[in-house]
Amino acid sequence: VLVQSSSYKKLGKFLSTMAKKKIFTLKDNKGQQQITAINKDVEPLKSFKPTATHQDHSASQTSSADSGTVQLKRLWRSGTAIGEYLGCHKDTLFDEQTLLEHIQQLLSAKGVSVSNGKFVVPEEMYNVVFKPVQAQYKVETGQPCTFKQLSSALRCKMQEFHEIKIGDAITVKKGAIRPIKFYVEERQGGRKHLTHVVNLEDFAIDPESFCKACMKEFATSSTCQALPGKNDKGMEVLVQGNIAKKLPEMLHSVYGVASEFVQQTK
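Residues numbered from 1 in each chain as written. Predicted model: local features only at pLDDT ≥ 70, side-chain atom pairs only at ≥ 80, totals over all residues. Heavy atoms only, no water.

Enquirer: I keep staring at the overall build of the chain and nothing clicks. Help me out?
Expert: Helix and strand content of the chain: nine helices and 14 strands. When the 266 residues of the chain are sorted by exposure, 34% land in the buried category. Sequence-distant contacts in the chain: of pairs separated by 6 or more residues, those separated by 24 or more amount to 48%. In the structure as shown, the chain presents an accessible area of about 16900 Å², 49% of it carried by carbon and sulfur atoms. (Helix = DSSP H or I, 4+ residues; strand = E, 2+ residues; numbered from the N terminus. Buried < 20%, exposed > 50% of the residue type's maximum accessible area, 1.4 Å probe, protein only. Contact = heavy atoms within 4.5 Å. Areas by Shrake-Rupley, 256 points an atom, 1.4 Å probe, with all protein chains shown as cover.)

Shown next as structure tokens:
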């Protein structure tokens, strides 16, 4: 029962009403209400019939994951200087494979001889690509270089983007891919726990919807709040309990997020 979404709004009101209807038997334990018995012979429990089994629920989750699997791809924007050298518009986006293919075509067009995947670095290439990052790649004019070295050096000078694909919907965002991060906070000397989850928006997951999904999946309470601080944008989902082991599995099975993009911070 999602009490927050019902007319009761609060758990205490819900329990008191059920006790008056003699559905529950309650006992006060140091200011907290505990259910000591459930009367299944009264309405509406007597006539209650479940509409779906646990197996049906799992099947629906699998179907949801298959239709909405998250696919991520790193992209790089050429920019003005690199765009001029590569012969493309400054806003052209490359992934690793298309950049490598473009490099091969460029070297062929410039008449650069390639042997066993290596070529001699022309002076123009050195000045545009390698000179600012020469110490990192240790490549000089006239020295042999591989496609991998050239591609890496180019990407160092290009602005990173990433692409999120869910079904047929594609979204391109500026910056590197940020994993979904979570940590478990201990409370009351380790007797209780609270799991914090952030960066859901980077995977096109609505925090409010995810909050409700956690309440159903883990049978616990969950809230959603804005991240603290002026510089931190986005929402944080707080889930009662330690769900560190189950959270990556749930994100993969329900939302299609691979485990490599789910990171426990502490």
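Picking up after the structure, the text goes on.
Enquirer: Honestly, the environment of E236 in this entry has me stumped. Any pointers?
Expert: Residue placement: E236 occurs in strand β13 (residues 235-240). Taking relative accessible area as the criterion, E236 reaches 7% and is therefore assigned buried. Taking the C-alpha atoms as reference, E236 lies 9.5 Å from E208; in sequence the two are 28 residues apart. Not counting the four nearest positions on each side in its chain, E236 is found in contact with Y183, H196, V197, V198, T223, C224, Q225 and L227. In this structure the side chain of E236 is engaged in a polar contact, spanning 2.8 Å, whose partner is the side chain of H196. (Polar contact = N/O pair within 3.5 Å; in protein donor to acceptor, adjacent residues only side chain to side chain.)

Enquirer: Hey, could you run me through the packing of helix α8 (residues 207-218) against helix α9 (residues 246-255) in this one?
Expert: Two packed helices can be described by the angle between their axes and the distance between those axes. With their axes 12 Å apart at the nearest point, α8 and α9 run at an angle of 115° to one another. Looking at the two axes, α8 sits roughly perpendicular to α9. At the point where α8 passes α9, the crossing takes the right-handed sense. The residues of α9 that touch α8, namely those facing S209, F210, A213, C214, E217 and F218, are K246, L247, M250, L251 and Y255. (Axes fitted to C-alpha atoms, helices over the stretch in contact; angles between N-to-C directions. Parallel < 35°, antiparallel > 145°, perpendicular 65-115°, else oblique. Left-handed = near helix turned anticlockwise from the far one by under 90°.)

Enquirer: Quick question: what am I supposed to make of the sheet that holds strand β6 (residues 118-120) here?
Expert: Sheets are built from strands paired through backbone hydrogen bonds, the pairs being either parallel or antiparallel. Strands sit in the order β5-β6-β7 across an open sheet of three strands; the sheet is antiparallel. The two strands at the open ends of the sheet, each matched to only one other strand, are β5 (114-115) and β7 (144-146). The pairing of β5 with β6 spans two bridges and is antiparallel. When the bridges of β6 are listed, V114 appears paired with F119. Helix α7 (residues 147-156) contacts β5, β6 and β7 of the sheet and is inclined by roughly 75° relative to β7. (Pairing = 2+ DSSP bridges.)

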